[in-house]
Amino acid sequence: MVPPERTVPDRCPGVLAVHEAADGGLARVRLPGGVLSVSQLQVLTTASVELGDGHLELTSRANVQLRALQPGAPVELSERLYAAGLLPSITHERVRNILASPLSGLDQHSRYDVLPLVGELDRLLCATPGLAALPGRFLFALDDGRGDLASAKADVAVRMLDGQQGELVLAGVATGVQVPAERVVEVMAAAAEAFLSERAEQESEAWRLGEMEDGPQRVQKRLGLTSGPTGLQGGSAPAVAGAFGGPRGGVVVTVPLGVLGAEQARALAEAGSAVRVTPWRSVVVPGGQCAMDGLRRVGLVLEADSAWNGVTACAGRPGCGKALGDVRGDARRVVPGWSGGGRVHWSGCERRCGKPGGEFVDVVALGGGGYAVDGVAMGVDEVRAQ
Ligand code: SF4
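Residues numbered from 1 in each chain as written. Predicted model: local features only at pLDDT ≥ 70, side-chain atom pairs only at ≥ 80, totals over all residues. Heavy atoms only, no water.

1. Some details on the side chain of Q220
Link 1 in the chain: Mapped onto the elements, Q220 comes out in helix α5 (residues 215-223).
Link 2 in the chain: Relative accessible area serves as the criterion here: at 10%, Q220 is assigned to the buried category.
Link 3 in the chain: Q220 has contacts with L170, T175, V177, L225, T226 and S227, leaving out every residue within four places of it along the chain. (Helix = DSSP H or I, 4+ residues; strand = E, 2+ residues; numbered from the N terminus. Buried < 20%, exposed > 50% of the residue type's maximum accessible area, 1.4 Å probe, protein only. Contact = heavy atoms within 4.5 Å.)

2. A few points about the domain arrangement of the protein
A common way to state how big an interface is: give the accessible area lost once the parts meet.
Link 1 in the chain: The domains assigned to the protein are domain 1 (19-87), domain 2 (95-223), domain 3 (242-303) and domain 4 (309-382).
Link 2 in the chain: Here the C-alpha centre of domain 4 lies 25 Å away from the C-alpha centre of domain 1.
Link 3 in the chain: Listed by partner, the interface residues are six residues for domain 1 and seven residues for domain 4.
Link 4 in the chain: With both sides pooled, the region where domain 1 packs onto domain 4 buries about 380 Å², and carbon together with sulfur makes up 46% of that total.
Link 5 in the chain: On the domain 1 side of the contact with domain 4, A22, E57 and R67 bury the most area, a combined 69% of that side's loss.
Link 6 in the chain: Counting the contacts that link domain 1 with domain 4 gives one salt bridge.
Link 7 in the chain: A salt bridge links R328 to E57, with the nearest nitrogen and oxygen atoms 2.8 Å apart.
Link 8 in the chain: The interface formed by domain 1 and domain 4 holds three residue pairs in polar contact (both at pLDDT 80 or more) in total.
Link 9 in the chain: Grouping the amino acids of the side of domain 1 that touches domain 4 by side-chain chemistry returns two nonpolar, one polar and three charged. (Domains from an automatic or database assignment. Buried area = accessible area lost by both parts, 1.4 Å probe. Salt bridge = Lys/Arg side-chain N within 4 Å of Asp/Glu carboxyl O. Polar contact = N/O pair within 3.5 Å; in protein donor to acceptor, adjacent residues only side chain to side chain. Nonpolar A, V, L, I, M, F, W, Y, C, P; charged D, E, K, R; others polar.)

3. Considerations on the pattern of salt bridges
Link 1 in the chain: Counted according to the given criterion, the structure contains 18 salt bridges.
Link 2 in the chain: Among the salt bridges present, the one from R222 reaches E198, with a minimum N-O distance of 2.9 Å. Of the two residues, R222 is situated in helix α5 and E198 in helix α4 (residues 184-201); the sequence distance between them amounts to 24 residues.
Link 3 in the chain: Given the relative accessible area of 36%, R222 is considered partly exposed.
Link 4 in the chain: For E198, a relative accessible area of 7% puts it in the buried group.
Link 5 in the chain: Among the salt bridges present, the one from E201 reaches R222, with a minimum N-O distance of 2.8 Å. Separated by 21 residues along the polypeptide, E201 in helix α4 and R222 in helix α5 bring together distant segments of the chain.
Link 6 in the chain: Among the residues examined, E201 registers a relative accessible area of 60% and is labelled exposed.
Link 7 in the chain: Each of D23, E57, R67 and R328 takes part in a single network of salt bridges with overlapping partners.

In structure tokens form, the structure reads like this:
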């Protein structure tokens, strides 16, 4: 792979480094493993209403964003998040990018509950001064064995093979290196440090391991890890909307376009004792089966065949100054008429922010109300899932 030529610094937003968007400040709050307690969700909801536009945006890395922050609001926001335990490190806040299988420990497909490892990895990252230099895009993933995070192509991932060990996956490539469960966190942090060392040695500007020439091989060599045959096979689809059974059970709730209104957030907070934000614009509520009717009443989706399940969109107008269309408004107008099925991503311009991994129908605004669908120009009412 040809290393990218960087012309701009890493401006990945955080809570302390707010991005100035067309509609005001945009703060991204890292949620390792997507996990939020009820009280933390309430803090975020109140902050979105009092300091932002009243919505929480769910991102493709299972984080949340608040938009339209007015001048002065970011300071107030950071104080509230610090008090709620959502900003445990000033120096490392933008490197706490840790995905975890959202149904880990909840259903029968979970080979190993990785949620405790998420907390351990988060603490180790924050306690390692050198790792504050990781780019804001560098991503860790802990897969409970089902393979649902394969398409995320995390820089450093471990997918559990059974209750004892997992396999190291670097930049989406299985290494065949088996790691005992008790060493998973230490090996992942060491791989991130090895990336930074290689980056410095090569004077590379890579933000991701896959952008560095022979990056995965270099990291593996630096760690002294020898490849063997991979024990990984296939993967599984994202968690499907609706109720699920298993050891604990719960519900998967699709949030249309990943935009959670205050009323919806409050309904989720009342549905269980915690929630897990997924990388697929949905939320898992462990033990939330009794609350399904109330969640539907506020416009959340619990039907596996709903067209909303596969639809994502970037901010578009008015939030982004580069947008050539109000993609969320247009999607809200036409998606309810679809019969469901297929993944579709709406973008306000060619950058395609927030696009999903894997295959999807590519809908890009052309300006003047038109869209290119997989490269074919058409009017918005002709856009369909395929
Ligand atoms: S894809 Fe374009 S319009 Fe959409 S958020 Fe990104 S830069 Fe803005």
